Every structure is written in C-alpha cells, then in structure tokens.
Amino acid sequence: MHPSSRPIGERASALDSLRGFAMLWMTGFHLCFDLQHFGHLQADFYNDPFWTVQRSAIVTLFVFCAGMGQALAAHQGQGWPRFWRRWRQIALCAVLVTVGSVVMYPDSFIYFGILHGLALMLIVARATQHWGRWLWPLGALAMLLPILAKGAHQQFPALEFLNTPAFNWLGLINRKPVTEDYAPLMPWLGAMWWGVASGQWCLQHRAHWLTHGGVPLLARLGRWSLSYYMAHQPVLIGGLLAWGWLSRG
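The rules behind each value
Residues numbered from 1 in each chain as written. Predicted model: local features only at pLDDT ≥ 70, side-chain atom pairs only at ≥ 80, totals over all residues. Heavy atoms only, no water. Helix = DSSP H or I, 4+ residues; strand = E, 2+ residues; numbered from the N terminus. Rg over C-alpha atoms; globule rule 2.2 N^0.38 Å. Buried < 20%, exposed > 50% of the residue type's maximum accessible area, 1.4 Å probe, protein only. Lys, Arg positive; Asp, Glu negative; His and termini not counted. Charge placed at Lys NZ, Arg CZ, Asp CG, Glu CD. Axes fitted to C-alpha atoms, helices over the stretch in contact; angles between N-to-C directions. Parallel < 35°, antiparallel > 145°, perpendicular 65-115°, else oblique. Left-handed = near helix turned anticlockwise from the far one by under 90°. Contact = heavy atoms within 4.5 Å. Nonpolar A, V, L, I, M, F, W, Y, C, P; charged D, E, K, R; others polar.

Undergrad: Mind laying out the overall build of the protein, listing which residues take part and the relevant values?
TA: The helix and strand tally for the protein stands at nine helices and zero strands. Of the regular secondary structure in the protein, the N- to C-terminal order runs α-α-α-α-α-α-α-α-α. Taking 18 Å as the expected radius of gyration for a compact globule of 249 residues, we find that the protein reaches 19 Å, a close match to that expectation. Principal axes of the C-alpha set define a box for the protein whose edges measure 65 × 55 × 35 Å. A buried classification covers 44% of the 249 residues belonging to the protein. Separation between the mean location of the 17 positive side-chain charges and that of the 9 negative ones in the protein comes to 16 Å.

Undergrad: Go over unusual backbone geometry with me, naming the residues and quoting the values.
TA: That bond from M186 to P187 is cis: its omega, 10 degrees, falls within 30 degrees of zero. Of note, P187 is situated in helix α6 (residues 185–205).

Undergrad: Any details on the packing of helix α5 (residues 135–155) against α6? Residues and values, ideally.
TA: Running from N to C, α5 and α6 point in directions that differ by 165 degrees, and their axes come no closer than 7 Å. One finds that α5 runs roughly antiparallel with respect to α6. Classified by chirality, the crossing of α6 by α5 is left-handed. Residues L135, W136, L138, G139, A140, A142, M143, L145 and P146 of α5 pack against M186, P187, L189, G190, A191, W193, W194, V196, A197, S198 and Q200 of α6. Considering only residue class, the contact of α5 with α6 consists of 16 nonpolar, four polar and no charged.

Note that all results are geometric; they support no functional claim without further evidence.
Printed below as a string of structure tokens:
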C-alpha cells in the first residue's frame, strides 16, 4: 500500500482548515450584508459582481468541502444510521433558518438556502459516491445545466413552471426567485460531486494532504461548522442592534 493511501483514523485537519476559512469568509460577507440591512453600508448585494461573485465562491467552497467530507466519512466506514443522524441535524437547522427568515424577511424568506440544498445534495452524494470517475463529468454537467436551461426557457415558454417555488429548487430557471438565500440543486451538486471525487482521489493517492498542513485555529473552527453557522448571524445581528442602541444613548 502506498504510504499516502493508508486508512485515515485521525482528523482531516487540512480539510477542517479549509472549511474554517470558508466560515470566516462567510462571516465577513454576512457582517457587510447586515451592515447594509441596518443602513450602515451602501452596497448592492443582489447585482454588484463584487458581492455576487463572493457569495458564489463561498457557497462553492462550503459545498466542495461537504463533498470531500462525505468521501472521507465513507472511507472511514460511516454507516447509514450515523449519516442520517447528522442529516437530521442539518435538516432541522434548515427549518430553523426558514422560520427565522420569515420573521426578518417576510417578503423574501429563505425556503431553499444553503442548508436546504446541502440536505438534499448530501443524500445524492451518499447514494452516488460509488460512481467514481464518473463524478467528474457529471459534476461538470450539473454546473452547465443552469446555463443551458436559460437558453431552453427562451425556446420553450412551457418551461416557465421551472421558475415556480415547487420546481425552482432544481436550479433550472431563467429568473432568480425573491429570497435572501438560494442554493438550488444545480449547479451546486456539481461542486458537491467534485468534492467527493477530489476526496476519493486524495484518499487513494495523497491522503496526507487531508491530515497535514492545517491551521489549528481554522481547523478547530471547521469542526464546528454547523453550530457556528447557526450562531454567527444571531450574534452579528444582536451586536449591531446593541451598537445602534448604545450609539443612540
């Protein structure tokens, strides 16, 4: 057995660090978004490429890391019961995000954001991880489909139903829905599949890449990604509200 492909029983510190970096980036992005929401920053988060490209990059990094994590979990022998325990946590948090967004953004609440998308994509990734090398072209196809869908909408008006809430979670739209967070199956399943494929390749050829070279602080943060995700916005919003109250005093 090649030394780099030996079984991994330790934490994948490099992967945890990459996830932790994504979380810090997300926190900075959301801080700016909240500053804009409370009138402390003038920015167009919906149309300005400076913000829209960042948002796409952050989501891509999160989903890619989730795919790599799924490959690692399978390599370590994670069974379906443990998978479903973790999945229920993510699904419950997705419901809580929806409820919270209804309170804050009643006209643009989140009904299929990143956690909703992850809950679905993790099931697909788990069921298809044995597809091996096919995950690379399938991932590319998943990323390409939304672009093709826009052209198809122009040619076939009957596809308008794909823009409705009952179907727009697929991502085959030509009009973005009014919602504060939107992470449909396509194209993000492509990032998930590429994450699984990358994780499988590393485990077979360069396993030490996953376990060495991590940044301790980022790695620690990355191990608590779901808890951090759920806590960071209430903390940011609460801090800004307190700041505003103290400033008026």
